[in-house]
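Working through the structure, step by step
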Amino acid sequence: MNQIKLVVAGAVALLGVIAFSGHLSRPTPSATDKASAAVGSRTLRIGVESTEPVYYQSDGATRGFDYEMARSVADGMGVEAEFVPMDFNELFPALRAGKIDMIGAEVTQTSELEREFDFSAPYFSTYVAFLTPEGSTIRTRRDVNGKRVAVVDGAIQAAYLEEKYHDVEIIRAPNVGAAVELIKRGEADAMFHGAPYAQSIIKSAPVALEEPIVYQVDDAPIGFVIRSGDQRKEQIDEALREMVLSGRWLKIKTAYFEADPLSDIFRDKGS
């Protein structure tokens, strides 16, 4: 997670930035107007992707890294968290339409997304993984050249593959299960996805998979996503800041990603 150094200043500076949306008289309120009106709402509707270990149900209880992070943010804002599970490719349309207020699904901050949405201060960093079937000849990330790689449609991994791997055939799937099925049917040689999901995918896959090929992506902080101009951004950033200073962030991170290195930005905060 060392790439969060990129935002070592931003993690604090962003707390003082407030984006005010303009208000015009319209017969039908826009998504931005709804966001402004929702500042006084007592509920924060959070879109999530139902995949372990970031959001899942176990023994009748809800668990997960993003779940704990988002719930703590809502607590810090003094509002109730309402979680809305859906496929990843449904999250951004739902946010645009005002059906949810925030996305909490390991979204990497990119310049493309920043043109349309606002990001909170970062709360994690991007690790990615190639997943391959048992007996695969793919042993390193360089071995995927010339191969067919499945990705979840709408996820950052597709754009990253297009940018960094010019000899890869990208096959898009609506969700993780469909991507794994492509491997099972021999229609994909590997799957490219967020590393935090890897062990859960391996555990539940209907086909035997090798241990993941994991690596860190430079300059790729992860944050919560809200509509552009949503005035709650300042409250979200302040709640994240308090979580870091109090050690709450470290406690949640360690519970789900103990093996991951600790970023320098958090090293002296509750460790």
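Above this text is the structure in question.
Now for a quick tour of the structure. Just so we're clear, the structure is a prediction, and the values are computed from it rather than from any experiment. (Residues numbered from 1 in each chain as written. Predicted model: local features only at pLDDT ≥ 70, side-chain atom pairs only at ≥ 80, totals over all residues. Heavy atoms only, no water.)

**Describing the packing of aromatic side chains**
Tallying each qualifying case throughout the model produces 14 aromatic pairs. One aromatic cluster is present, formed by Phe-65, Tyr-123, Phe-124, Phe-224 and Phe-257 through successive ring pairs. (Phe/Tyr/Trp six-rings, centres within 6.5 Å; stacked < 30°, edge-to-face > 60°.)

**Brief notes about the side chain of Ser-136**
Looking at the element boundaries, Ser-136 is found in the loop between β7 (124-131) and β8 (148-152). A distance of 3.0 Å separates a polar side-chain atom of Ser-136 from the backbone nitrogen of Ile-138. (Helix = DSSP H or I, 4+ residues; strand = E, 2+ residues; numbered from the N terminus. Polar contact = N/O pair within 3.5 Å; in protein donor to acceptor, adjacent residues only side chain to side chain.)

**Let's talk about the pattern of salt bridges**
Counting across every chain of the model gives 16 salt bridges. Asp-101 is the partner of Arg-45 in a salt bridge, and the nearest nitrogen-oxygen pair spans 2.7 Å. One end of the pair, Arg-45, is in strand β1 (residues 43-48); the other, Asp-101, is in the loop between α4 (88-96) and β5 (102-103), with 56 residues separating them in the sequence. With a relative accessible area of 24%, Arg-45 lands in the partly exposed category. A salt bridge links Lys-233 to Asp-237, with the shortest nitrogen-to-oxygen separation between them at 2.8 Å. One end of the pair, Lys-233, and the other, Asp-237, are both in helix α9 (residues 233-246), four residues apart, so they sit about a helical turn from each other. When its relative accessible area of 7% is taken as the criterion, Lys-233 is described as buried. The network of salt bridges with shared partners includes Arg-45, Asp-101, Arg-227, Asp-230 and Arg-232. (Salt bridge = Lys/Arg side-chain N within 4 Å of Asp/Glu carboxyl O. Buried < 20%, exposed > 50% of the residue type's maximum accessible area, 1.4 Å probe, protein only.)

**Some details on the nonpolar core**
Grouped together as the largest cluster of nonpolar side chains are 37 residues, with contacts concentrated most on Phe-88, Phe-92, Ile-103, Val-107, Met-191, Ile-201 and Val-225. Looking at this core, the elements that each hand over two or more residues are α4, β6 (117-119), β7, β8, β9 (169-173), α7 (176-184) and α8 (198-204). Leave out the neighbours within four places in its chain, and Phe-92 touches Ile-103, Val-107, Leu-113, Phe-117 and Val-225. (Core = buried A, V, L, I, M, F, W, Y, C linked by side-chain atoms within 4.5 Å. Contact = heavy atoms within 4.5 Å.)

**A few points about the pairing of β7**
Across the eight residues that make up β7, a large majority, eight, are buried. Where β7 and strand β11 (residues 213-222) come together, six bridges link them in antiparallel fashion. Counted as the bridge partner of Phe-124 is Ile-222 from β11. (Pairing = 2+ DSSP bridges.)

**A look at the packing of helix α3 (residues 65-77) against α9**
Running from amino to carboxyl end, α3 crosses α9 at an angle of 110°, the nearest separation of the two axes being 8 Å. With respect to their mutual orientation, α3 and α9 come out roughly perpendicular. Contacts from Met-69, Ser-72, Val-73, Gly-76 and Met-77 of α3 reach α9 at Gln-235, Ile-236, Ala-239, Leu-240 and Met-243. (Axes fitted to C-alpha atoms, helices over the stretch in contact; angles between N-to-C directions. Parallel < 35°, antiparallel > 145°, perpendicular 65-115°, else oblique.)

**Focus: α3**
With 13 residues, α3 extends 18 Å from end C-alpha to end C-alpha; this agrees with the ideal 18 Å at 1.5 Å per step. When α3 is considered as a whole, its buried residues turn out to be Phe-65, Asp-66, Tyr-67, Glu-68, Met-69, Ala-70, Ser-72, Val-73, Ala-74 and Met-77. Gly-78, located one to two residues past α3, shows a positive phi value of around 75°. (Expected span 1.5 Å × (residues − 1).)

**Structural notes on the packing of α3 against helix α10 (residues 248-257)**
Following both chains from N to C, one finds α3 and α10 inclined at 165°, their axes separated by 9 Å at the closest point. With respect to α10, the element α3 is oriented roughly antiparallel. Handedness of the α3/α10 crossing: right-handed. Along its contact with α3, which presents Phe-65, Glu-68, Met-69, Arg-71 and Ser-72, the element α10 presents Arg-248, Trp-249, Ile-252, Lys-253, Tyr-256 and Phe-257. Looking at the contact of α3 with α10, its residues break down into six nonpolar, one polar and four charged. (Left-handed = near helix turned anticlockwise from the far one by under 90°. Nonpolar A, V, L, I, M, F, W, Y, C, P; charged D, E, K, R; others polar.)

**Quick look at the sheet that holds strand β10 (residues 190-194)**
Spatially, the five strands line up as an open sheet ordered β9-β8-β10-β7-β11, and their pairing is mixed. The open sheet has two edge strands with one neighbour each: β9 and β11. Averaged over all pairs of adjacent strands, the angle between strand axes in this sheet comes to 25°, irrespective of strand direction. In this sheet, β9 lies alongside β8 in parallel orientation, the contact comprising five bridges. Residue pairing across strands places Val-152 opposite Ala-173, the latter belonging to β9.

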